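# Breakdown of the fold
Here is how the chains run, residue by residue.
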Amino acid sequence: MAILLRLLAAHILSDFFFQSDKVCGGKQDKTKKKYLYHLLHGFIHAAMAYLIVADWNNWLVPLVIFISHVLMDYIKVEYMKQEAATFFIDQLVHIAVIIALWSSLFGHDATSCQDFLKAEWNSQDVWAVVIAYLLMLKPTSVMLSLFVRKWAPSVATDRSLPNAGKWIGYLERILILTFILTGNAEGIGFLLAAKSVFRFGELNKAQDIKTTEYVLIGTLASFTVAILVGFATLLLIQ
């Protein structure tokens, strides 16, 4: 399990933290440059998997990650619409490849994993918590932005601070996850109440009920994802 969690951590880091806007946009370029961006992104995934798994004689891991990621990303960009369903399908394919790779190479070979499992930092619990916190940041932010995108055009959003909503979401999800992992789930209620108090004035003066509904959808979706990931992590580490 520790190696599987390592592979998942490498995927999250590469797909959401080490993929710049330039690379993301470059993959959709209409010229042949797009192939270079696809290859660069695939190389980043392969390199991260190779470094984090740290099985230096095993070149099959980065090779499979590189080929599968480049192919799936190319299919997504060229033949699929940019919407929430596409995002979920893309991530499910990548995760399925990671699980299949782990199962075939490490799932039944205790000796090849022995050196990794000796280290305290390489325990299943540590990597489960690391992945949970990584998910609370950009991965969930991207998913939520795709989820609420269809309502955004009908709501005036140009009066807020640049990227303020993104960082508010990061912080609230990190707090929720921390509350759950430390056995203080009741803190979620206080967090929701505090956020409601701060936003009450803004929503009370809104000219249209659409603004209130838009904020509620985004807030509740963010809280729901954080709570589900928190309790799933808690079950895994227990």
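Computed from a predicted model, the values in this text were never measured in an experiment.

Parameters and conventions
- Residues numbered from 1 in each chain as written.
- Predicted model: local features only at pLDDT ≥ 70, side-chain atom pairs only at ≥ 80, totals over all residues.
- Heavy atoms only, no water.
- Salt bridge = Lys/Arg side-chain N within 4 Å of Asp/Glu carboxyl O.
- Helix = DSSP H or I, 4+ residues; strand = E, 2+ residues; numbered from the N terminus.
- Buried < 20%, exposed > 50% of the residue type's maximum accessible area, 1.4 Å probe, protein only.
- Phe/Tyr/Trp six-rings, centres within 6.5 Å; stacked < 30°, edge-to-face > 60°.
- Expected span 1.5 Å × (residues − 1).
- Arc of directions from axis to C-beta.
- Axes fitted to C-alpha atoms, helices over the stretch in contact; angles between N-to-C directions.
- Left-handed = near helix turned anticlockwise from the far one by under 90°.
- Contact = heavy atoms within 4.5 Å.
- Nonpolar A, V, L, I, M, F, W, Y, C, P; charged D, E, K, R; others polar.

## Focus: the pattern of salt bridges
Per the counting criterion, the structure on display carries three salt bridges. Residue Lys 34 is joined to Glu 78 by a salt bridge in which the shortest nitrogen-to-oxygen separation is 2.9 Å. Of the two residues, Lys 34 sits in helix α3 (residues 33-53) while Glu 78 sits in helix α4 (residues 60-79), which places them 44 residues apart along the sequence. The class for Glu 78 is partly exposed, based on a relative accessible area of 32%. The closest approach of N and O atoms between Asp 90 and Lys 76, which form a salt bridge, is 3.6 Å. A residue pair is termed long-range when its members are at least 10 positions apart, and Asp 90 in helix α5 (residues 84-105) and Lys 76 in helix α4 qualify at 14 residues.

## Remarks on the packing of aromatic side chains
Tallied over the entire structure, the rule returns seven aromatic pairs. Ring plane angle 65 degrees and centroid distance 6.2 Å describe the contact between Phe 16 and Phe 87, whose orientation is recorded as edge-to-face. Pair noted here: Phe 16 is in helix α1 (residues 2-17) and Phe 87 is in helix α5, with a separation of 71 residues, a long-range link. The exposure class assigned to Phe 16 is buried, which follows from its relative accessible area of 7%. Among the residues examined, Phe 87 registers a relative accessible area of 13% and is labelled buried.

## As for helix α7 (residues 124-135)
Under the 1.5 Å per step criterion, the end-to-end length of α7 is 16 Å for 12 residues, consistent within 8% with the ideal 16 Å. Three or more residues of α7 are buried, namely Trp 127, Ala 128, Ile 131, Ala 132 and Leu 134. Buried residues in α7, looked at end-on, bunch into an arc of 165 degrees, giving them a common side.

## Describing the packing of α3 against α4
At their nearest, the axes of α3 and α4 sit 8 Å apart, and the two run at 145 degrees to each other. Of the two possible hands of crossing, α3 and α4 adopt the one that is right-handed. Contacts between α3 and α4 involve Lys 34, Tyr 35, His 38, Leu 39, His 41, Gly 42, Phe 43, His 45, Ala 46, Ala 49 and Tyr 50 on the former and, on the latter, Val 61, Pro 62, Ile 65, Phe 66, His 69, Val 70, Asp 73, Tyr 74, Val 77 and Glu 78. Residue composition of the contact of α3 with α4, by class: 13 nonpolar, five polar and three charged.

## With respect to unusual backbone geometry
In this model, Ala 54 sits at a positive phi of 60 degrees, which is unusual for a non-glycine residue. Relative to the helices and strands, Ala 54 resides in the loop between α3 and α4.

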